[in-house]
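Secondary and tertiary structure notes
Now for the letters of each chain:
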Amino acid sequence: MTDDAGRLPCADPAGDAWPGSALALRDALRSGEVSAREAAAHFLARIEDRNRLLGAFVRVTAERALDDAAAADALHARLARDGRLDELPPLHGVPTAHKDLADVEGVPTTHGSAAIDARPAPADSALVALLRAAGAVSLGKTQVPEFGLTAYSENRIAPPSRNPHGLALSSGGSSGGSAAAVAAGLVPFAAGSDGGGSIRIPAAACGIVGLKLGRGLVPAGQAAGESGASRFVVTGPLAASAEDAALLLDVLTGAAPSGAVGAAAGSAGPLAALGGNRALAARHAGTYADAVVREPRRLRIAVSLTSPWDGRYPVEPDADAHEALRRAVVRLEDAGHLVAEADLRFDNRYPDAFTAAWTAGVGTARIPPTREPLLTPLTRAFRRRAQQRSRAKLEESLVFLHGFERDMVAQLSGWDAVLSPALAQSPRPVGWFSGGPDWRATADDDYRRQCEFAPWSSWVNVCGLPAVVATTHWDAAGLPAGVQLVGHGGSEAILLRLARLLHVPRVSTGTG
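To start, this report covers the structure provided alongside it. (Residues numbered from 1 in each chain as written. Predicted model: local features only at pLDDT ≥ 70, side-chain atom pairs only at ≥ 80, totals over all residues. Heavy atoms only, no water.)

On to the overall build of the chain, then. Each helix and strand in the chain was counted, giving 18 helices and 13 strands. Relative to the globule expectation of 24 Å for 512 residues, the C-alpha radius of gyration of the chain, 21 Å, shows essentially globular dimensions. Over its C-alpha atoms, taken along the principal directions, the chain stretches across nearly 65 × 60 × 50 Å. Expressed as a percentage of the 512 residues in the chain, the buried residues total 60%. Intrachain contacts of the chain at a sequence separation of at least 6 include 76% that bridge at least 24 residues. When the accessible surface of the chain is summed, it comes to about 19,100 Å², and 51% of that surface belongs to carbon and sulfur atoms. Put simply, the chain has 51 plus and 54 minus side-chain charges, and the middle of one group is 4 Å from the middle of the other. (Helix = DSSP H or I, 4+ residues; strand = E, 2+ residues; numbered from the N terminus. Rg over C-alpha atoms; globule rule 2.2 N^0.38 Å. Buried < 20%, exposed > 50% of the residue type's maximum accessible area, 1.4 Å probe, protein only. Contact = heavy atoms within 4.5 Å. Areas by Shrake-Rupley, 256 points an atom, 1.4 Å probe, with all protein chains shown as cover. Lys, Arg positive; Asp, Glu negative; His and termini not counted. Charge placed at Lys NZ, Arg CZ, Asp CG, Glu CD.)

Attention now goes to the packing of helix 1 (residues 22–31) against helix 7 (residues 242–253). Helix 7 packs onto helix 1 with a crossing angle of 55° between their chain directions and a minimal axis gap of 8 Å. Compared by their axis directions, helix 1 and helix 7 come out oblique. On the side of helix 1, the interface is formed by Ala-22, Leu-23 and Arg-26, while helix 7 contributes Glu-243, Asp-244 and Leu-247. Of the residues contributing to the contact of helix 1 with helix 7, the split by class is three nonpolar, no polar and three charged. (Axes fitted to C-alpha atoms, helices over the stretch in contact; angles between N-to-C directions. Parallel < 35°, antiparallel > 145°, perpendicular 65-115°, else oblique. Nonpolar A, V, L, I, M, F, W, Y, C, P; charged D, E, K, R; others polar.)

A few words on the sheet that holds strand 10 (residues 338–341). What holds strands together in a sheet is hydrogen bonding between their backbones, with the strands either parallel or antiparallel. Taken together, the eight strands give an open sheet; going across it, the order is 6-8-7-12-13-11-9-10, and neighbouring strands pair in mixed fashion. Sheet topology places strand 6 (189–194) and strand 10 at the edges, where each strand pairs with a single neighbour. When strand polarity is set aside, the average angle formed by the axes of neighbouring strands in this sheet is 25°. As paired strands, strand 11 (residues 417–421) and strand 13 (residues 480–487) are joined by five bridges and run antiparallel to one another. (Pairing = 2+ DSSP bridges.)

Tracing the backbone shows Thr-253 in helix 7. On the basis of relative accessible area, Thr-253 is assigned to the buried category, the value being 0%.

Let us now look at the nonpolar core. Among the nonpolar cores identified, the biggest contains 140 residues, and Leu-91, Leu-419 and Trp-459 are the most heavily contacted of them. For this core, the element with the most residues is helix 7, which contributes eight residues. When near neighbours in sequence (up to four residues on either side) are disregarded, Trp-459 contacts Pro-308, Phe-346, Tyr-350, Phe-404, Met-408, Leu-412, Leu-465 and Val-486. (Core = buried A, V, L, I, M, F, W, Y, C linked by side-chain atoms within 4.5 Å.)

With that out of the way, let us pick up the packing of aromatic side chains. Under the counting rule described, the total for this entry stands at 16 aromatic pairs. Ring centres of Tyr-152 and Phe-433 lie 5.1 Å apart, and the angle between their planes is 5°; this geometry places the pair in the stacked category. Of this pair, Tyr-152 sits in the loop between strand 3 (137–142) and strand 4 (162–163) while Phe-433 sits in the loop between strand 11 and helix 16 (443–453); the two residues are 281 residues apart in sequence, bridging distant segments of the chain. With a relative accessible area of 1%, Tyr-152 lands in the buried category. (Phe/Tyr/Trp six-rings, centres within 6.5 Å; stacked < 30°, edge-to-face > 60°.)

This paragraph deals with the environment of Val-218. Relative to the elements of secondary structure, Val-218 occurs in the loop between strand 7 (209–212) and strand 8 (234–239). Sequence-wise, Val-218 and His-488 are 270 residues apart; in three dimensions their C-alpha atoms are separated by 16 Å. Here Val-218 is in contact with Leu-213, Thr-235, Leu-252 and Thr-253, once residues within four sequence places are set aside.

Bringing the sheet that holds strand 1 (residues 57–60) into the picture now. Strands sit in the order 1-3-2 across an open sheet of three strands; the sheet is mixed. The outermost strands of the open sheet, each flanked by one partner alone, are strand 1 and strand 2 (95–99). Averaged over all adjacent pairs, the angle separating strand axes in this sheet is 35°, with direction ignored. Where strand 1 meets strand 3, three bridges bridge the pair, whose relative direction is antiparallel. Within strand 3, the position partnered with Phe-57 by the bridge is Thr-142.

At a closest axis distance of 10 Å, the pairing of helix 12 (residues 319–334) and helix 18 (residues 492–502) adopts a crossing angle of 110°. One element, helix 12, and the other, helix 18, form an angle in the roughly perpendicular class. Along the contact surface, helix 12 presents Ala-328, Arg-331 and Leu-332, while helix 18 presents Leu-498, Leu-501 and Leu-502. Taken together, the residues of the contact of helix 12 with helix 18 sort by class into five nonpolar, no polar and one charged.

Let's shift gears to the pattern of salt bridges. Tallied over the entire structure, the rule returns 24 salt bridges. Linking Arg-132 and Asp-124 is a salt bridge whose minimum nitrogen-to-oxygen distance equals 2.7 Å. We classify Arg-132 as partly exposed; its relative accessible area is 30%. A salt bridge links Arg-215 to Glu-405; the nearest nitrogen and oxygen atoms lie 3.5 Å apart. Of this pair, Arg-215 sits in the loop between strand 7 and strand 8 while Glu-405 sits in helix 15 (residues 391–411), and the two are 190 residues apart along the sequence. A single salt-bridge network, built from bridges that share partners, covers Asp-68, Asp-124 and Arg-132. (Salt bridge = Lys/Arg side-chain N within 4 Å of Asp/Glu carboxyl O.)

What follows deals with unusual backbone geometry. Note the cis peptide between Gly-173 and Ser-174, where omega equals 10°. Looking at the secondary structure, you find Ser-174 in the loop between strand 5 (166–170) and helix 5 (176–183). Backbone geometry at Phe-147 places phi at a positive 55°, although glycine is not the residue there. Here Phe-147 shows up in the loop between strand 3 and strand 4.

Attention now goes to the pairing of strand 13. Strand 13 sits mainly inside the fold: eight of its eight residues count as buried. Residue alternation in strand 13 divides its side chains into two sets, Pro-480, Gly-482, Gln-484 and Val-486 and Ala-481, Val-483, Leu-485 and Gly-487, and both sets are buried. Both strand 12 (residues 467–474) and strand 13 contribute to a ladder of seven bridges, which runs antiparallel. Directly across from Val-469, in strand 13, lies its bridge partner Gln-484. Where strand 12 folds back on strand 13, the antiparallel hairpin that results is connected by five residues, among which Gly-478 adopts a positive phi of roughly 80°.

Here it is, written out as structure tokens:
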């Protein structure tokens, strides 16, 4: 059901007695007020009702989800009988979903491409295994762009992921299906991946909180290897609030206050997902859920509209991007933080170097020549250019990006965080980047539109820094506009506190 403006109901519609946050649902599941099977059935019913219009899910694994939920209920009954409910895994019975770039055992992984033969995955990816061991129940796979390359979640294998706040609009990418699912209340939260903005862009477009983690915080959510863009990719939570994001982050980092992940779920637990690194786990003594509700100390926050793409493309933030930034500045100053403009300097060699690194992986992807015509035009063009680029040229780009990282970290040393708009433009129509269902746009036009849309995202990945997106403004049409805050390594708790201060959720329409 949609309202007159073509919007789906909010994640927490008026009159819905269901727990209105991931935290509340977690507590209800642990207490036994709600069973895991009831929770799975509730969210599966929402998916059945709303996904036909939304396109957030490309595959719903309902039967498996209900079986997993029944097993969780059996565990709850056994532990309750013995007075050991404190041994429940930290996300006992909480539904979630995985983007269709992550392997889930027995479920095909399409990578959003019609050019590959998607077969059932032989095993869970490290991140999926971590969340399964933590007690989360997967409801299925969510929509992504081909190989996660773009800032919109459209491909040639399934309908596009649409924005719950305007179904003619894109939900962003590459975690667009997951962000749309969270914003529309199809799952309480989800873990995304981010190699150039893929958590923050869809979070901003869908009006939710998205946290890109710093490099190395959660090894299970990082891409393997050091070549190309693999070192840019990290995981992070997509959630309706900073508090819900903190709950998921506690599990991702091993800080969740439950000792039963290994014993109850047959896993070595979150510490294993941290590579057995007790020093890393010790950095998170106490939890993010505890930390997020504390007021941050007085911070020095730089405001900057400059981006590394300014010399290549016309980056022109629209009126709503400016308004989102203005409201964030006012709220931060009212909270006692020092906020001042800063003149960040970006090397004009960045666009070519980043693009070379970002597209290197698609050049080596195992795609039979007979299936290459099934690639989207953008992917096909990037693949051809990557294959024509010499190894020496790629190495030159990677060396430059390492130097770029050192320079930017030095520039930020006098600040606690850098504030910018999350996006330069309001959510774009489906097909706007690619030229419509026939993919009429050239690869260069498509890429240019993405860089103009999200110019402040990719440099953060190159530098390995954490960043959060929060919504600070809703326009007259009910569309979100937000801000991005970039912090130093290890500042995820501070960023979540700032997101809690700034984030303005959508007001319920009461429909649904």
